[in-house]
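Residue-level listing of the chains:
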Protein chains: 2
Amino acid sequence: MSQQNPATLKVGAIGGGQLARMMTVPAINLAIDFKVLAEAEGSSAALAATQVGDYNQLDVVREFAGTVDVITFDHEHVPMAVLEPLEAAGVNVQPPSNALAFAQNKLHMRQKLGALGLPMPDWAQIEDAHTLDAFINAHGGVAILKTPIGGYDGKGVRVVKSSEDAADWLNNLAAYGGSLLAEEKVDFVRELAQLSARRPSGEFAAWPLVQTIQENGVCSVVLAPAPNASESVLEQTAQIAKSVAEGLGVTGVLAVELFEARDGRILINELAMRPHNSGHFTIEGSVTSQFEQHLRAVLDLPLGSTEMRATHAVMVNLLGVDDKNNFVQAYPAALVAHPTVKIHTYGKGARAGRKMGHITVVGDSAEAILAEAKGAAAVLLRG
Amino acid sequence: MSQQNPATLKVGAIGGGQLARMMTVPAINLAIDFKVLAEAEGSSAALAATQVGDYNQLDVVREFAGTVDVITFDHEHVPMAVLEPLEAAGVNVQPPSNALAFAQNKLHMRQKLGALGLPMPDWAQIEDAHTLDAFINAHGGVAILKTPIGGYDGKGVRVVKSSEDAADWLNNLAAYGGSLLAEEKVDFVRELAQLSARRPSGEFAAWPLVQTIQENGVCSVVLAPAPNASESVLEQTAQIAKSVAEGLGVTGVLAVELFEARDGRILINELAMRPHNSGHFTIEGSVTSQFEQHLRAVLDLPLGSTEMRATHAVMVNLLGVDDKNNFVQAYPAALVAHPTVKIHTYGKGARAGRKMGHITVVGDSAEAILAEAKGAAAVLLRG
């Protein structure tokens, strides 16, 4: 019935991080032959790693692509110089390079979103100190400055009050593609994320809007669905996700990180064209997890229901505290006190600040499940 | 905090079937280093298979045991001659050989359950035609005759109306351990299953009682929780599971298959000392799946909540229809029509009658989810 090989479905993920690790689960459930091109031995996704190599090398990725029906990603860092020749040679890459290009360059992303008329913070392309200072002065004496390429989880992002705060970047512009991106520092009441998925053939499905709580620029807690979101906000965010997915040609899972500004505006902050930390709650919280949906989407299979499986879900990240505690030693204490929490650890070596796991709890009371998740996290973090 | 190595948890499963395959999922979630000793390359649990070899060979299993903290099982067929020397040498085997011995010999199981005063069909040890005919005559002219060792899924079980119906077995008694087991053919209104788990240190937890529907001696549908079960039945079945687990020294997951007789008696049919087909619904239907609970139990970690995650769950088995249809080719048709079903396929080659997968649906309406599951199964079985 399918246009594909009828008896096997083979998906290859580039990158051996926790996202590829968590894709392994729906691959097991659906008997999808799931392979990972990992950066190194002993990666988080080592169980599915069939090749170890450098994704910057065309020959390495070409060899890997030859073992699967479709290539997808654990991260957005595979260079265009690798992806474009593969696509030209007929390799099925999802999301395709022309979508990923916007994830790899935040300046191009802003330009494209602007062309689509989508709501964003004010922004400007910065190529010199004068332009930056003018932008800062026009926005209350402060701006968010970003390197267009290479940033994530707070890296490559800086709050600046003068071009002097960015002298190092301005003096080394070539390393960042020749420009920086200045953005209005949004006075927001909270951060939101809208997760969705889209198939190459067009089907689109969105999960409920969630609230994300950041600490030190890294996602700390996700509340699903977002508490007290108005109908107007829900309509806007669902429409934004659909416009981004269709306008940028994204396939697979798309996460749109959003600001809810004090003045009521909903503004696009960042995009991720892959399963995302804001969607980990879907493993237990949704009928279809983001990892299953991603595999279905990149295979152009029908998407699953994105309904919640409980009234509420909460996710709390487990960030490394030192180079010893990998959270496993505290399982007995955490599990005996918190029998309803679902612990996910990523098999990574311990390191302070590293995303090493998360906890999800679902239930009818948002307050109760948040307390449970935080309680279990506290036990694990104590070690 | 744990007595075990604090930073890693290593579990080894003997047998590469779908049960080991499904244990791989919670092992990924909890960063348990999960290894499988598979019978052959390309097994259902191949992703986690670190060794291929014959579990009847002590040296093979000893080598495997040396790579993990605890040995557990995908099936109950590892001989005592392998397990007992390993335990004597200090290998941690869960469930232990003295529990598994009862799963390996249905006559010993009946004797032990009798000693514990647990409710069963009438039964007798049969060593000759005369005794069998006497048992048949005393039970309305019919009996269920079983080979005490080696039977499963209807194999090694026969309805007999005379010793002549079992002449082949009676003439070859040595192959079955010297005796056969005759049981009363229970006039039952339905079959039930009580799933539970127990840790070596004693903690016990039971899931809700379920109803199982067999076709041709193989489980076809599971309804969770069992519809219209009286308080009295629920109390009895939970107590039976606890008594069996404690009385036989079972650790890990235990499935007790039960008859609900027309006269109201609850009678123990079969036992399985491992995750069981009657518990597949727990993957989506319960806070803690039987596969996660089994790993936690054999590691002597605290058990998780066995609460339902929805009012109802239904599981429908996918049995092979021929040597071509592995169900994957019908995913597009099944998934587009049934966006809430969770399909599990086991990566097995197609063969008529083979357990190759299952479908679970959860929801508030028992009728609606059964219709969804059966509808999706019909599409997949059509191929």
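Everything numeric in this text was worked out from a predicted model, so none of it was measured. (Residues numbered from 1 in each chain as written. Chains lettered and ligands numbered in written order. Predicted model: local features only at pLDDT ≥ 70, side-chain atom pairs only at ≥ 80, totals over all residues.)

Our focus in this paragraph is the overall build of chain A. Counting its secondary structure elements, chain A contains 12 helices and 17 strands. The globule rule puts the C-alpha radius of gyration for 383 residues at 21 Å, and the 21 Å found for chain A is close to it. In terms of principal-axis extent, the alpha carbons of chain A reach across some 55 × 55 × 45 Å. Across chain A, contacts joining residues at least 24 apart in sequence account for 64% of those joining residues at least 6 apart. (Helix = DSSP H or I, 4+ residues; strand = E, 2+ residues; numbered from the N terminus. Rg over C-alpha atoms; globule rule 2.2 N^0.38 Å. Contact = placed C-beta atoms within 7 Å.)

Attention now moves to the interface of chain B and chain A. Across the boundary between the two partners, chain B contributes 37 residues, which contact 37 residues of chain A. The set of elements that each furnish at least two residues to the side of chain B that touches chain A consists of helix 1 (18-29), helix 11 (331-337) and strand 16 (342-345) of chain B. Per-class residue counts for the side of chain B that touches chain A are 23 nonpolar, 12 polar and two charged. (Nonpolar A, V, L, I, M, F, W, Y, C, P; charged D, E, K, R; others polar.)

The next subject is unusual backbone geometry. Only a minority of non-glycine residues have a phi that is not negative, and only a minority of peptide bonds are not trans. Residue and element names in this part refer to chain A. Between Gln 94 and the following residue, Pro 95, the backbone shows a cis peptide bond with an omega angle of -5°. Tracing the backbone shows Pro 95 in the loop between helix 3 (80-88) and helix 4 (97-104). A positive phi angle is found at Ala 31, which is not glycine, with a value near 55°. Its place among the elements puts Ala 31 in the loop between helix 1 (18-29) and strand 2 (33-38). Overall, the presence of 24 C-beta atoms within 10 Å leaves Ala 31 in the buried class. With a phi angle near 55°, Asn 216 is a residue other than glycine that sits in the positive phi range. In this fold, Asn 216 is placed in the loop between strand 11 (210-215) and strand 12 (218-224). Taking the number of C-beta atoms within 10 Å as the measure of exposure, Asn 216 has 9 and is therefore exposed. (Buried ≥ 20, exposed ≤ 12 C-beta atoms within 10 Å, placed from the backbone.)

Attention now moves to the sheet that holds strand 3 (residues 49-52) of chain B. Residue and element names in this part refer to chain B. The four strands are arranged 3-2-1-4 in an open sheet whose pairing can be described as parallel. A strand with exactly one partner marks an edge of an open sheet, and here the two such strands are strand 3 and strand 4 (70-73). Averaged over neighbouring strand pairs, the angle between their axes works out to 25° when direction is ignored. In the packing of helix 1 onto the sheet, the strands contacted are strand 1 (10-14) and strand 2 (33-38), and the crossing angle to strand 2 comes to about 170°. (Pairing = 2+ DSSP bridges. Axes fitted to C-alpha atoms, helices over the stretch in contact; angles between N-to-C directions.)

Counting residues in hydrophobic clusters, the biggest one holds 212 residues, and the most contacted among them are Val 11 and Leu 254 of chain A together with Val 11 and Leu 254 of chain B. For Val 11 of chain A, the contacting residues outside a window of four places in its chain are Ala 27, Ile 32, Phe 34, Val 68, Asp 69, Val 70, Thr 72, Leu 295, Val 298 and Leu 299 of chain A. (Core = buried A, V, L, I, M, F, W, Y, C linked by C-beta atoms within 7 Å.)

Before going further, it helps to examine the pairing of strand 13 (residues 252-261) of chain B. Residues and elements named next belong to chain B. Counting buried residues along strand 13, nine of its 10 residues qualify, which places the element largely inside the surrounding structure. As defined by bridge partners, strand 9 (residues 188-198) adjoins strand 13 across 10 bridges and the pair is classed as antiparallel. Its bridge partner being in strand 13, Arg 190 is matched across the sheet by Glu 260. Pairing geometry for strand 13 and strand 14 (residues 266-272), over six bridges, is antiparallel. The residue of strand 14 that forms the bridge with Leu 258 is Ile 268. Between strand 13 and strand 14, which pair antiparallel and follow one another directly, the connecting turn spans four residues, one of which, Gly 264, has a positive phi of 95°.

All names here are of chain B. In contact at an axis separation of 8 Å, helix 1 and helix 10 (residues 290-298) are set at 70° when each is read in the N-to-C sense. Comparing the axis directions of helix 1 and helix 10 gives the class roughly perpendicular. On helix 10, the residues that touch Met 22, Met 23, Val 25, Pro 26 and Ala 27 of helix 1 are Phe 291, Glu 292, His 294 and Leu 295. Classifying every residue of the contact of helix 1 with helix 10 by side-chain character gives seven nonpolar, one polar and one charged. (Parallel < 35°, antiparallel > 145°, perpendicular 65-115°, else oblique.)

Let us now look at the sheet that holds strand 5 (residues 123-126) of chain A. Residue and element names in this part refer to chain A. The antiparallel open sheet is built from four strands, whose spatial order is 5-8-6-7. Each having just a single partner strand, strand 5 and strand 7 (157-160) make up the two edges of the open sheet. Strand-to-strand twist in this sheet, taken as the mean axis angle between neighbours without regard to direction, amounts to 25°. Two strands pair when backbone bridges link them, and strand 6 (residues 143-146) and strand 8 (residues 180-184) are joined in this way by four bridges, in the antiparallel orientation.

Residue and element names in this part refer to chain A. As for its placement among the helices and strands, Phe 259 is situated in strand 13 (residues 252-261). Under the C-beta neighbour-count criterion, Phe 259 is labelled buried, with 21 such atoms within 10 Å. The spacing of Phe 259 and Pro 227 is 32 residues in sequence and 14 Å in space, taken between C-alpha atoms. In this view, Phe 259 contacts Val 186, Phe 188, Glu 191, Leu 267 and Asn 269; residues no more than four positions away in its chain are not counted.

Attention shifts here to the relation of the copies chain B and chain A. The two copies are related by a screw operation: chain B maps onto chain A through 180° of rotation and 0.0 Å of translation along the axis, at an RMSD of 0.0 Å. The relationship between the two copies is best expressed as a two-fold rotation axis. Ranked by how close their C-alpha atoms come to the rotation axis, the residues of chain B are headed by Val 25 of chain B, at 2.9 Å. Both copies present the same face, since 100% of the interface residues in chain B are matched by interface residues at the equivalent positions in chain A. (Least-squares fit on C-alpha atoms with pLDDT ≥ 70 in both.)

Turning to the domain arrangement of chain A, a few remarks are in order. Residues and elements named next belong to chain A. Under the domain assignment, chain A is made up of domain 1 (10-93), domain 2 (122-184) and domain 3 (188-382). On a C-alpha basis, the centres of domain 1 and domain 3 stand 23 Å from each other. Contact with domain 1, which involves 17 residues of that partner, is made by 15 residues of domain 3. Sorting the residues of the side of domain 1 that touches domain 3 by element identifies helix 1 and strand 4 (70-73) as the ones contributing at least two each. Split by residue class, the side of domain 1 that touches domain 3 holds 10 nonpolar, four polar and three charged. (Domains from an automatic or database assignment.)

Below, the discussion takes up helix 2 (residues 58-65) of chain B. All names here are of chain B. Among the residues of helix 2, Val 61, Phe 64 and Ala 65 are the ones counted as buried. For helix 2, the angular spread of buried residues about the axis comes to 100°, placing them on one side. For helix 2, the elements touching its buried residues are strand 1, strand 2, strand 3, strand 4 and helix 3 (80-88). (Arc of directions from axis to C-beta.)

It is worth spelling out helix 4 of chain A at this point. For helix 4 of chain A, the tally of buried residues reaches six of eight residues, placing the bulk of the element in the interior. Buried residues along helix 4 of chain A sit in contact with helix 3, helix 5 (106-115), helix 8 (231-248) and strand 14 (266-272) of chain A.

Mapped onto the elements, Ile 32 of chain A comes out in the loop between helix 1 and strand 2. Ignoring sequence-local partners within four residues, the contact set of Ile 32 of chain A consists of Leu 9, Val 11, Ala 27 and Leu 295 of chain A.

This part covers the environment of Leu 254 of chain A. Residue and element names in this part refer to chain A. In this fold, Leu 254 is placed in strand 13. On the neighbour-count criterion, Leu 254 (30 C-beta atoms within 10 Å) is buried. Spatially, the C-alpha atoms of Leu 254 and Ala 272 are 5.7 Å apart, while their sequence positions differ by 18 residues. If we ignore the near neighbours within four places in the chain, the residues touching Leu 254 are Ser 196, Ala 197, Arg 198, Ala 241, Val 244, Ala 245, Leu 271 and Met 273.

Before going further, it helps to examine the confidence of the model for chain A. On average, chain A scores 95 in pLDDT, and the residues at 70 or more come to 97%. Contacts for the low-pLDDT stretch residues 1-6 of chain A, under 50 throughout, to residues beyond four places or in other chains number 10 contacts. (pLDDT = per-residue confidence, 0-100.)

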